[in-house]
Amino acid sequence: MSPAPTKTDARALAAKGLAEVALRGASLRDVMERYAPRLSDPRDRALLMALLSEGARWWLRFDAAIDGLLEKSLRHKDPAIHALLVIGLVQLEILELQDYAAVAATVEAVRTLQRPQLAGLVNAVLRRWQRERETLVAKLDAKPQTRHAHPAWLAAALQRDWPAQAEAVMAADNREPPLMLRVNRQRSERDALIGQLQAAGYPAESHPWLSDAVMLPHSSDVTRMPGFEDGHFAVQDGAAQVAADLADLRDGLRVLDACAAPGGKACHMLERAEIDLTALEMDAGRAERIRQNLMRLRLNAKIVVGDAGAPKGWWQGKPFDRILIDAPCSATGVLRRRPDVRLHRRESDVAAMHAQQRRILSALWPLLAPDGRLVYITCSVLRAENEAIVAELLASQPDAHAVAFALPVGQPATVGWQVLPGDGDLDGMYYAVIRKEPATPISGP
């Protein structure tokens, strides 16, 4: 295990954190939350965040490049130095920092990590990359997994499921997404919120077709924005904001949000109508995040800790008029916001997710009232987790009927609608709406 840095150094901290994420399976968000407070200068914190985020995003490209530049791998012998080399290439190729400054600062970080004997090696590797860059880049670009820094299994799955769009999807996964906010209709109005943000120097503007969405071009510390503490808005990508529209809400409905954490869609529905909402979450720790979001936005819902696939443990027997299932999935549609997913997800996970999705959907269908509406959503781009699951339900339940709809972006799936990463500058997300037909009354003699 690498020793702690002897002084505060954003690159050294980033190297240690990136090694945790890429080589030990740590969550990028968790690493950011633990490491950022160690830096007092906001500029250093911003650099740390950029190095961690882009390091995770481009690891599968530059990790392979480092293997070709070293005689003996440092990946397991000295993971922080291996990660530092990846960060060096990220600075040169992605962040486009000045060559001399990037190399010199990265070499200095070797000393901060108490590995002075490796400073010459790190310098030589980065200088060799600069000398042989054209040849090395051509070699990396020859394969989809290193061209776009996607695992080979996912690159193949995208080619299979979306052959015409696969290259564009992987390219979109590697672009910085805009910051998307959702105005809380119960506390503010969108134009008023935009005015407040613009007055404070934030380049906010309304989304062209999502009625509650506010867009900013770059990520920012939302806790410092006007209106945050007062619950005037929440952070939520536009693709996720579609869910409340599809739910077709009105006052008085009983609504179940299954798999609800962290509560973004539940809060959005509560902002839209006076509904009786139950937010269901299996993990007690994640359920606490729902409570925190409800409190900040001044909203009320019943939070239940329970398994969506086993309703007997929590359901009281009264049907729901609306059920929203934000199903656990591979998260292959949100790689641009969660770049570490591409490092941690395995092809074998998809079959397990498929079984879980089928179990939840089958268990919750009986809880839907006649003439009720079930909205099934995933942040996946894989057909096996999306239309295949919904098609199984439609085939097995005679009273289940797909509701046709279309969105301004994306494309129709066999059942439902698929937004791919980058469509309308949104995250990738799948939607299906299923209506339960009322039983036909039996005619008398």
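Computed from a prediction, not measured in an experiment: that's the story for all the values here.

Cut-offs and rules
Residues numbered from 1 in each chain as written. Predicted model: local features only at pLDDT ≥ 70, side-chain atom pairs only at ≥ 80, totals over all residues. Heavy atoms only, no water. Helix = DSSP H or I, 4+ residues; strand = E, 2+ residues; numbered from the N terminus. 1 Å grid on protein atoms, 1.4 Å probe; cavity = no way out; pocket = protein on both sides within 12 Å on 5 of 7 lines; lining within 4 Å. Points joined across faces, edges and corners; volume = space filled by probe spheres on them. Nonpolar A, V, L, I, M, F, W, Y, C, P; charged D, E, K, R; others polar. Axes fitted to C-alpha atoms, helices over the stretch in contact; angles between N-to-C directions. Parallel < 35°, antiparallel > 145°, perpendicular 65-115°, else oblique. Contact = heavy atoms within 4.5 Å. Disulfide = S-S within 2.5 Å. Buried < 20%, exposed > 50% of the residue type's maximum accessible area, 1.4 Å probe, protein only. Salt bridge = Lys/Arg side-chain N within 4 Å of Asp/Glu carboxyl O. Pairing = 2+ DSSP bridges. Phe/Tyr/Trp six-rings, centres within 6.5 Å; stacked < 30°, edge-to-face > 60°. Lys NZ or Arg CZ within 6 Å of the ring centre and 35° of its normal. Core = buried A, V, L, I, M, F, W, Y, C linked by side-chain atoms within 4.5 Å.

Draft legend 1. Examining unusual backbone geometry more closely. Along the chain, Ala 261 connects to Pro 262 via a cis peptide bond; the corresponding omega equals 5 degrees. Of note, Pro 262 is situated in the loop between β5 (254-258) and α14 (264-272). Located in the positive-phi region is Ala 149, a residue other than glycine, with phi close to 55 degrees. Its place among the elements puts Ala 149 in the loop between α9 (144-147) and α10 (152-161). Residues other than glycine seldom take positive phi values, yet Ala 331 does so here, at roughly 60 degrees.

Draft legend 2. Local environment of the layout of surface pockets. The space that makes up the second largest pocket amounts to roughly 170 Å³. Taken together, Ala 64, Ala 65, Gly 68, Leu 136, Lys 139, Leu 140, Lys 143 and Thr 146 form the lining of the second largest pocket. Elements that contribute at least two residues to the lining of the second largest pocket include exactly α4 (59-69) and α8 (133-141). Its residues assigned to classes, the lining of the second largest pocket comprises four nonpolar, two polar and two charged.

Draft legend 3. Fine view of the packing of helix α3 (residues 42-57) against helix α5 (residues 79-93). Following both chains from N to C, one finds α3 and α5 inclined at 100 degrees, their axes separated by 9 Å at the closest point. Comparing their axes, α5 and α3 come out roughly perpendicular. Where α3 abuts α5, its residues Leu 51, Glu 54 and Gly 55 lie against Val 86, Ile 87, Val 90 and Gln 91. Its residues assigned to classes, the contact of α3 with α5 comprises four nonpolar, two polar and one charged.

Draft legend 4. The state of the cysteines, seen in detail. What the rule picks out here adds up to zero disulfides. Cys 379 supplies the cysteine sulfur nearest to Cys 329, a cysteine that is in no disulfide, at a spacing of 3.5 Å. Classification of Cys 329 as buried rests on a relative accessible area of 9%. Residue Cys 379 is classed as buried on the basis of its relative accessible area of 15%.

Draft legend 5. Region of the structure containing the pattern of salt bridges. Counting across every chain of the model gives 34 salt bridges. Arg 57 is the partner of Glu 54 in a salt bridge, and the nearest nitrogen-oxygen pair spans 3.3 Å. With Glu 54 and Arg 57 both in helix α3 and three residues apart, the pair spans about one turn of that helix. A relative accessible area of 3% means that Arg 57 is categorised as buried. Two residues, Arg 337 and Asp 427, come together in a salt bridge whose shortest N-O distance is 3.0 Å. In this pair, Arg 337 is assigned in the loop between β8 (320-326) and α16 (341-344) and Asp 427 in the loop between β12 (417-419) and β13 (429-436), connecting sequence segments 90 residues apart. Each member of the salt-bridge network shares a partner with another, and the members are Asp 237, Arg 336, Arg 337, Asp 425 and Asp 427.

Draft legend 6. Structural context of the pairing of strand β3 (residues 213-216). By the alternation rule, side chains of β3 split into Ala 213 and Met 215 and Val 214 and Leu 216, which are all buried. Of the pairings in the sheet, the one linking strand β1 (residues 179-183) to β3 comprises four bridges and is antiparallel in character. Of the residues in β3, the one forming a bridge with Leu 181 is Val 214. Two strands pair when backbone bridges link them, and strand β2 (residues 205-206) and β3 are joined in this way by two bridges, in the antiparallel orientation.

Draft legend 7. Looking closely at the environment of Asp 425. Within the secondary structure, Asp 425 sits in the loop between β12 and β13. Linking Asp 425 and Asn 300, residues 125 residues apart in sequence, is a C-alpha distance of 31 Å. Not counting chain neighbours up to four residues away, the residues in contact with Asp 425 comprise Pro 178 and Arg 336.

Draft legend 8. Highlighting the pairing of β5. Of all five residues making up β5, five are buried, and the element is well covered by its neighbours. Burial of the side chains of β5 extends over both faces: Arg 254, Leu 256 and Ala 258 are buried on one face and Val 255 and Asp 257 on the other. As judged from the four bridges shared by β5 and strand β6 (residues 276-281), these two strands associate in the parallel manner. When the bridges of β6 are listed, Asp 257 appears paired with Ala 279.

Draft legend 9. Molecular detail of the packing of helix α7 (residues 119-131) against α8. Close contact between α7 and α8 brings their axes to 5 Å; oriented N to C, the two are set at 85 degrees. Taken together, the axes of α7 and α8 lie roughly perpendicular to each other. Contact residues: Trp 129, Gln 130 and Arg 131 in α7; Arg 133, Leu 136, Val 137 and Leu 140 in α8. Classifying every residue of the contact of α7 with α8 gives four nonpolar, one polar and two charged.

Draft legend 10. Highlighting the packing of aromatic side chains. The tally for this structure, following the rule as stated, stands at four aromatic pairs. Through a chain of ring-to-ring contacts, three or more aromatic side chains come together here, namely Trp 58, Phe 62 and Trp 129. Above the face of the Tyr 35 ring, Arg 38 is positioned so that its terminal group lies 4.3 Å from the ring centre. Directly above the ring of Trp 162 sits Arg 383, whose terminal nitrogen or CZ lies 3.9 Å from the centroid.

Draft legend 11. Representation of the sheet that holds β3 in the model. In spatial order, the strands read β2-β3-β1-β4; together these four strands make up an open sheet with antiparallel pairing. With one partner strand each, in any of the chains shown, β2 and β4 (233-235) form the two edges of the open sheet. Against the sheet, helix α12 (residues 190-199) makes contact with β1, β2, β3 and β4, and its axis sits at roughly 20 degrees relative to β3, the strand it touches most.

Draft legend 12. The arrangement of the nonpolar core in detail. Met 269, Ile 275, Leu 277 and Tyr 431 are the most contacted members of the largest nonpolar core, which has 59 residues in total. Among the elements that make up this core, the one with the highest residue count is helix α13 (residues 238-246) (six residues). In this structure, Tyr 35, Leu 84, Val 137 and Leu 343 belong to the second largest nonpolar core, which totals 56 residues.

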